[in-house]
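Listed here are the chains, written in short residue letters.
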Number of protein chains: 2
Amino acid sequence: GGNIANGEALTKKYNCASCHGADFTKSTDPSYPKLAGQHAEYLKHALIAYKRGEGPNGRNNAIMGGFAKPLSNKEIDDIAAYLHSLPSGLVLQR
Amino acid sequence: GGNIANGEALTKKYNCASCHGADFTKSTDPSYPKLAGQHAEYLKHALIAYKRGEGPNGRNNAIMGGFAKPLSNKEIDDIAAYLHSLPSGLVLQR
């Protein structure tokens with residue numbers, strides 16, 4: 001698992017909340033996903049795909065590509081661990 | 001907004017639950033995202049990106065590309081409306 005504290009610092013450095021919302025549960029536009037509590041493995045998969053850009057298993061996105069391409073795999077692990085750890089403002093119903 | 005009933009029928013036709021989980025809250029592998037309750041606009045954005053595949057604003061993914069490429073934009077609207085409508089097994093904490 002990644003380092004949650006470093007993941008938090010990285011999300012501040014990259015200002016992720018400016019689109020994905022202050023608590024990562026309410027994004028600023030419905031075209032941006034809710035991230036808080038999402039699977040860490042999926043978040044890593046997505047960031048690696050944005051880092052790849054064009055090509056197999058890539059995601060070609062001007063906004064997220066710009067943020068993901070400078071990230072090391074360790075930084076991606078840390079960001080994923082942090083976002084997964086966040087309370088989503090939601091609790092299990094049962 | 002899309003047609004929720006048709007979206008439900010499409011998710012059954014394409015067997016989305018086989019990876020994303022029976023109720024779309026617990027995917028069968030942590031590398032697959034939780035979808036229930038996600039923003040409909042984001043779900044549409046993601047499916048359209050998988051449909052595009054290579055190129056700007058595309059996502060190149062062998063599994064999701066195969067499912068998304070045959071979908072019409074209307075079908076994508078319907079699937080997004082259905083998944084967004086689903087109770088996530090989660091409720092607001094406050």
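Just so you know, these numbers come straight off a predicted model, no measurement behind them.

Looking at the environment of A:Pro30
In step 1: Here A:Pro30 lies in the loop between α2 (17-20) and α3 (40-52).
In step 2: The class of A:Pro30 is partly exposed, set by a relative accessible area of 40%.
In step 3: The spatial distance from the C-alpha of A:Pro30 to the C-alpha of A:Lys44 is 21 Å, given a sequence separation of 14 residues.
In step 4: Residues in contact with A:Pro30, not counting those within four places in the same chain, are B:His39, B:Glu41 and B:Tyr42.

Notes on helix α3 (residues 40-52) of chain B
In step 1: Here α3(B) contains 13 residues, and its C-alpha end-to-end distance of 18 Å stays within 8% of the 18 Å for a straight helix at 1.5 Å per residue.
In step 2: The set of residues buried in α3(B) consists of B:Tyr42, B:Leu43, B:Ala46, B:Leu47, B:Ala49 and B:Tyr50. Considered in projection along α3(B), the buried side chains sweep an arc of 155 degrees and stay on one side of the axis.
In step 3: As for α3(B), its buried residues are in contact with α3 of chain A together with α4 (62-68) and α5 (73-85) of chain B.

Quick word on the packing of helix α1 (residues 4-13) of chain A against helix α5 (residues 73-85) of chain A
Residue and element names in this part refer to chain A.
In step 1: Their axes nearest at 7 Å, the elements α1 and α5 cross at an angle of 95 degrees. On the basis of their axis angle, the class for α1 and α5 is roughly perpendicular. Contacts between α1 and α5 pair Ile4, Asn6, Gly7, Glu8, Leu10 and Thr11 from the former with Glu75, Asp78, Ile79, Ala81, Tyr82 and Ser85 from the latter.
In step 2: In terms of residue class, the contact of α1 with α5 is built from five nonpolar, four polar and three charged.

Topic: the confidence of the model for chain A
In step 1: Considering every residue of chain A, the mean pLDDT works out to 91; 93% of them sit at 70 or more.
In step 2: Summarising per-element confidence for chain A, the mean pLDDT is lowest in strand β1 (residues 90-92) of chain A (51) and highest in α1(A) (98).

Section: the pattern of salt bridges
In step 1: In the structure shown here, the tally under the stated rule is ten salt bridges over all chains.
In step 2: With a closest N to O distance of 3.3 Å, A:Lys26 and A:Asp23 form a salt bridge.
In step 3: Note that B:Lys44 is salt-bridged to B:Glu41, the shortest N-O span being 3.4 Å. Taken as a pair, B:Lys44 and B:Glu41 lie in helix α3 at a separation of three residues, close to a single helical turn.
In step 4: Taken together, the shared-partner salt bridges connect A:Glu41, A:Lys44 and A:Asp77 into one network.

Looking at the side chain of A:Thr11
All names here are of chain A.
In step 1: For Thr11, the location among the structural elements is in helix α1.
In step 2: A residue is classified by how much of its surface remains accessible, and Thr11, at 5% relative accessible area, is buried.
In step 3: Within the structure, the side chain of Thr11 is placed 2.8 Å from the backbone oxygen of Glu8, a separation counted as a polar contact.

Here's the deal with the state of the cysteines
In step 1: Summed over the entire model, instances satisfying the criterion amount to zero disulfides over all chains.
In step 2: Of all cysteine sulfurs in the structure, the one in A:Cys16 sits closest to A:Cys19, which takes part in no disulfide; the separation is 9.1 Å.

Some words on unusual backbone geometry
In step 1: Located in the positive-phi region is A:Phe24, a residue other than glycine, with phi close to 65 degrees.
In step 2: Within the fold, A:Phe24 resides in the loop between α2 and α3.
In step 3: Phi at B:Asn15 is positive, roughly 60 degrees, even though this residue is not glycine.
In step 4: Position of B:Asn15 among the secondary structure elements: in the loop between α1 (4-13) and α2 (17-20).
In step 5: Take B:Asn15: its relative accessible area is 46%, and that puts it in the partly exposed class.

Comments concerning α3(A)
In step 1: Listing the buried residues of α3(A) in full gives A:Tyr42, A:Leu43, A:Lys44, A:Ala46, A:Leu47, A:Ala49 and A:Tyr50.
In step 2: Next to the buried residues of α3(A) lie α4 (62-68) and α5 of chain A together with α3 of chain B.
In step 3: Once α3(A) finishes, A:Gly53 follows within two positions and takes phi at roughly 70 degrees, a positive value.

Criteria and thresholds
Residues numbered from 1 in each chain as written. Chains lettered and ligands numbered in written order. Predicted model: local features only at pLDDT ≥ 70, side-chain atom pairs only at ≥ 80, totals over all residues. Heavy atoms only, no water. Helix = DSSP H or I, 4+ residues; strand = E, 2+ residues; numbered from the N terminus. Buried < 20%, exposed > 50% of the residue type's maximum accessible area, 1.4 Å probe, protein only. Contact = heavy atoms within 4.5 Å. Expected span 1.5 Å × (residues − 1). Arc of directions from axis to C-beta. Axes fitted to C-alpha atoms, helices over the stretch in contact; angles between N-to-C directions. Parallel < 35°, antiparallel > 145°, perpendicular 65-115°, else oblique. Nonpolar A, V, L, I, M, F, W, Y, C, P; charged D, E, K, R; others polar. pLDDT = per-residue confidence, 0-100. Salt bridge = Lys/Arg side-chain N within 4 Å of Asp/Glu carboxyl O. Polar contact = N/O pair within 3.5 Å; in protein donor to acceptor, adjacent residues only side chain to side chain. Disulfide = S-S within 2.5 Å.

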